[in-house]
Every structure is written in structure tokens, then in C-alpha cells.
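Chain and residue survey
Here is how the chains run, residue by residue.
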Amino acid sequence: MTERFTGSFTQQEPIPEAGIDAALAVLRHGRLHRYNTVPEEISETGLLEQEFAALVDAPYCLAVASGGYAMATALRAVGVKAGDKVLSNAFTLAPVPGAIASIGAVPVFVGVTESLTIDLDDLAAKLDQASVLLLSHMRGHICDMDRLMKMCDAANVTVIEDCAHTMGAAWRGVPSGRHGAVGCYSCQTYKHVNSGEGGLLVTDDPYIAARAIMLSGSYMLFERHLAAPPKEAFDEIKYTTPNISGRMDNLRAAILRPQVADLATQCKRWNERYYTLEQGLRDTPGLTVIDRPAAETIVGSSIQFLLLDWAASAVREVVARCGARGVELKWFGAPEPVAFTSKYDSWRYAPSAPMAASDRVLAGIVDMRVPLTFSLEDCALIARIIRGEVSAVYQARA
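Residues numbered from 1 in each chain as written. Predicted model: local features only at pLDDT ≥ 70, side-chain atom pairs only at ≥ 80, totals over all residues. Heavy atoms only, no water.

**What to know about the sheet that holds strand β4 (residues 132-136)**
With mixed pairing, seven strands are arranged side by side in an open sheet as β1-β9-β8-β5-β4-β2-β3. The strands lining the two open edges of the sheet, one partner per strand, are β1 (60-64) and β3 (106-110). On average, each strand axis in the sheet is inclined to that of its neighbour by 20°, with strand direction left out of account. The sheet contact formed by strand β8 (residues 182-186) and strand β9 (residues 199-203) spans five bridges and is antiparallel. Looking at the pairing, G183 lines up with V202 of β9. Of the strands in this sheet, β1, β8 and β9 touch helix α2 (residues 44-56), which is tilted by about 130° from β1. (Pairing = 2+ DSSP bridges. Helix = DSSP H or I, 4+ residues; strand = E, 2+ residues; numbered from the N terminus. Axes fitted to C-alpha atoms, helices over the stretch in contact; angles between N-to-C directions. Contact = heavy atoms within 4.5 Å.)

**A few points about the layout of surface pockets**
In this approach, a probe sized like a water molecule rolls over the atoms, and the result shows the empty space that is left. Each pocket or cavity is described by its volume, and for the largest pocket that value is around 800 Å³. For the largest pocket, the lining is made up of 45 residues, of which Q188, T189, Y190, K191 and H192 are closest to its centre. Among the secondary structure elements, those contributing two or more residues to the lining of the largest pocket are α3 (67-77), α4 (95-102), β8, α9 (250-261) and α10 (263-281). Partitioned by chemical class, the residues of the lining of the largest pocket number 20 nonpolar, 18 polar and seven charged. Its volume calculated, the second largest pocket comes out at about 160 Å³. Forming the walls of the second largest pocket are 14 residues, and the residues nearest its centre are L55, V56, G168, A169 and L263. (1 Å grid on protein atoms, 1.4 Å probe; cavity = no way out; pocket = protein on both sides within 12 Å on 5 of 7 lines; lining within 4 Å. Points joined across faces, edges and corners; volume = space filled by probe spheres on them. Nonpolar A, V, L, I, M, F, W, Y, C, P; charged D, E, K, R; others polar.)

**Regarding the nonpolar core**
Counting 46 residues, the largest nonpolar core has F52, L123, L133, L148 and L200 as the members making the most contacts within it. In terms of residue count, the dominant contributor to this core is helix α6 (residues 145-154) (five residues). Counting 33 residues, the second-largest nonpolar core is a separate cluster that includes V86, I103, L134 and L201. (Core = buried A, V, L, I, M, F, W, Y, C linked by side-chain atoms within 4.5 Å. Buried < 20%, exposed > 50% of the residue type's maximum accessible area, 1.4 Å probe, protein only.)

**Details of a negative patch on the surface**
There is a patch of like negative charges on the surface, built from E223, E232, D235 and E236. Residue position: E223 is located in the loop between α7 (206-215) and α8 (237-240). Its relative accessible area of 59% is what places E223 among the exposed residues. (Patch = residues over 30% accessible without salt bridge, like charges linked within 9 Å, V, L, I, M, F, W, Y side chains within 5 Å. Areas by Shrake-Rupley, 256 points an atom, 1.4 Å probe, with all protein chains shown as cover. Salt bridge = Lys/Arg side-chain N within 4 Å of Asp/Glu carboxyl O. Lys, Arg positive; Asp, Glu negative; His and termini not counted. Charge placed at Lys NZ, Arg CZ, Asp CG, Glu CD.)

**Here we look at the sheet that holds strand β10 (residues 288-289)**
An order of β10-β12-β14-β13 is seen for the four strands of this open sheet, with the pairing classed as antiparallel. Each edge of the open sheet carries a strand with a single partner, namely β10 and β13 (330-331). Sheet analysis places β10 next to strand β12 (residues 302-306), joined by two bridges and oriented antiparallel. Paired with T288 across the bridge in β12 is L306.

**Comments concerning empty space enclosed by the protein**
Going through the model one piece at a time under the given rule, you end up with three cavities of 30 Å³ or more. Volume-wise, the largest cavity comes out at about 50 Å³. If you trace the largest cavity, you find it lined by F9, E328, K330, F340, D367, M368 and R369. When residues in the lining of the largest cavity are grouped by element, the largest group, three residues, is from strand β14 (residues 365-369). Across the lining of the largest cavity, the residue classes tally to three nonpolar, no polar and four charged.

**Quick look at the pattern of salt bridges**
A complete count under the given rule lists 23 salt bridges for this structure. Put simply, R384 and E3 hold a salt bridge, and the shortest N to O gap is 2.7 Å. Within this pair, whereas R384 is found in helix α13 (residues 376-397), its partner E3 is found in the segment before α1 (17-29), the two being separated by 381 residues in sequence. Salt bridges linked by common partners bring E317, R321, R325, E389 and R397 together as one network.

**What about the pairing of strand β5 (residues 158-162)?**
The element β5 is largely enclosed, with a buried count of four among its five residues. When β4 meets β5, the two strands line up parallel, connected through five bridges. Across the sheet, the residue bridging to V132 is T158, located in β5. Read as a crossover between parallel neighbours, the route from β4 over α6 to β5 is right-handed. (Right-handed = clockwise from strand over helix to strand, strands pointing away.)

**Some words on the state of the cysteines**
This structure, assessed with the given rule, holds zero disulfides. Note on C187: no disulfide assigned, nearest cysteine sulfur contributed by C61 at a separation of 9.0 Å. Cysteine C267 remains unbridged, with the sulfur of C163 as its closest cysteine sulfur at 13 Å. (Disulfide = S-S within 2.5 Å.)

**Quick notes on the environment of P16**
Inspection of the secondary structure assignment puts P16 in the segment before α1. C-alpha separation for the pair P16 and D262, spaced 246 residues apart in sequence, amounts to 9.7 Å. For P16, the contacting residues outside a window of four places in its chain are P258 and Q259.

**Brief notes about a nonpolar patch on the surface**
A contiguous nonpolar patch, built from I20, L24 and L27 and spanning about 230 Å² of accessible area, is present on the exposed surface. Along the chain, L27 turns up in helix α1. A relative accessible area of 48% means that L27 is categorised as partly exposed.

**Brief notes about helix α11 (residues 312-324)**
Over its 13 residues, α11 extends 18 Å from the first C-alpha to the last, a length consistent with the 18 Å expected when each residue adds 1.5 Å. Of the residues making up α11, those classed as buried are A314, V315, V318 and C322. Along the long axis of α11, the arc covered by the buried residues comes to 105°, so they all point the same way. Residues of α11 that are exposed and point more than 90 degrees away from the buried face comprise A320 and A324. (Expected span 1.5 Å × (residues − 1). Arc of directions from axis to C-beta.)

Next up, the structure:
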């Protein structure tokens, strides 16, 4: 009998009971706005910022409306202006170049390797084109951060890390988001903590933090932030920084705080599922598993593999055959973007030139979500289905 998977690739686990209780408490008192507090009260948002800062060992943290807003705010806070060029990954999701374009800056795309990380040789060739790199740890793959930071520091290029897929991950024990000047995280439903939408921004720099807080719409209430620089950092900034409101509210913060507290446990569960899938896919004819470096501490909330140099029709056949058996795969090589699978030549608001080596990799990337609602048995079944369908198509077309 042909096996079939019947689970959902978009169903998340419930919000923890502690988060539900905290959210109900916020709804009952009605003070959803982060600055709407009673005397001696610390807002849920302020507590979240303090707790997340401690988690990643950062002095300053700001909670905002989305991961995309966090990135755009970080770009503004480090001084990027309209017309400036900003380096970024060719392999990422649309909110990354979108954050650059949203402030009138211009993305300069850097290639992708077969490890699905930014091509550091291509980056080295382009470092003289911009003073900021918005580095996307796309789908949780972290490049050699020691080499990258050495290159960028030597070239006076400021690094902002997009950690939407790497909250809880690390490079050589340093949390993702803590190598560059700013780390940006997403709390959107399909990320590692779930408030529907939401974002977090961390930095060591008091002036970047102060500008970000003012940009987010703090008015002159910045002293109510716990994970913020001293008020002296705001002395000039408060008069010269525009208010571009994008605050997180207390309801979302209340939902997130228990999830942040339990992040390490959840990351371990994701990795159990990831490695079950990876093991099941290894040695499949025609399929390349992405080997992860020993220096990388991963969070396996999604998995990717490569069908390198396959004809487009063959990749489509694999996706269709797996779909017919209940396994939802996404392909980044389609000429037209589908759902979130757009790539650098899809974003026509940003100039680009073909990159042959990267185009070859992008044409072979197949992607799959790994929700925590999957059991390890589910993951083993999914791997068998993918293995079987890839093998069947590969052998038929060999």
C-alpha cells in the first residue's frame, strides 16, 4: 500500500497556557498599548524586551510590530538613507529586500552557495559597493560568521543580521544576531515564537538603540523601557529622529513571554524532527542533503535539499507527486514566484543582473516546513515519501 501523510504543514501548536492566561489578564485590564500603565506597573512589552535581551546576552532590546519593521528600523538607525546601496542575500524572503526598498535604499544582491549561505567570495568582491550588509540567515543556515565579520570589519561595513529563521541558533556558541551591530528577529506565526506578527531588535550600541526606540514611536516615554540605554543617549536623538510608529502591544508581548522562556526546549524538539528527516533523506539518488557545519547550532524549523541540475519539469514532477501523497514542498526555482518562494530576480523594484552560479543553486532548492505538530514518526514517513518520489523521478529520467 502506498503511504500517505495526512497532517498539516501550517498547523502550529497552541499558545502555552501561561501565555493565554497573561493575554486574558491584559484583555481584562484593557491596557494594550505598551505605554498605558498604572503606577509601579511594568508593561508586558517592557518585560519581554528585558527577558529577550537576557536570553541573547544583549544590553538593549526593542519589541516592534514585525520582523520587517525591525529590519527597516535597524537600517535607519545605523544611518542608511534613501539612495544608499545595501548589500544583501540573493537567496532570502521578500521582507528583506523589502525593508531596504521601504526606506528608499537600493539592494545589491550577493550570491548563494550550495550550503545555502551567502557566498563570501562574491561578498568580498562587492564590499566596496555599500557600507551596510543586511545579512539574511535564510532558512536557518548560518555562514562562517568569523570570516564574514573579519571581512566586513576590515571594509568598515556595518552588519545587520536578519534572524527570522535563527532565533535560538548560534555560531560557535554566540547567539545568532549577536555578531553584527544589530540583530533582528521575527515573531510571526511560522517562526520560533508565535504572536501572529511581531519583531525584536537587539544591539550593543546605545545610540543605535536610542534611535530605534525613537523611530518605533516612543514619543518621550523612552525611560519606561527596561532594556534601553540611559536617558543621556537620547539627548540629541530625541529631537532629530522621526516617529515611524511600529510598537509591539502588550497583548502580543504577553503571548510571547512564556514562549521565549521555553525557547531552548522548543529548539531541541525542532532539531529532533529535522535530524529524523535529514537521516531519512540521506543517500537518495539525485538528492543533495545540506550538510551543516560543526560550528553551527541549528534550529531545524524547516528543511531544504537540492535537486541540482535537474530539469524544471522533473522538479515540478517531484513536487506534484509528493503533494499527491500529502507532503507539501516549495520550490525556489520556478520562474514565477509562488507563495513565499520569490527570489532576487522576482523583486523588480530592485535592480539585478543574472548570477549564473547562484541561479544554478536557486533552481535546485526544495524547501519544507517542519511544524512541531509533527511527530518523529510523521517525519520518518515524510522522508520515506520524499525519498521514494525523488528516486522514482530520477530513475525514470536517468
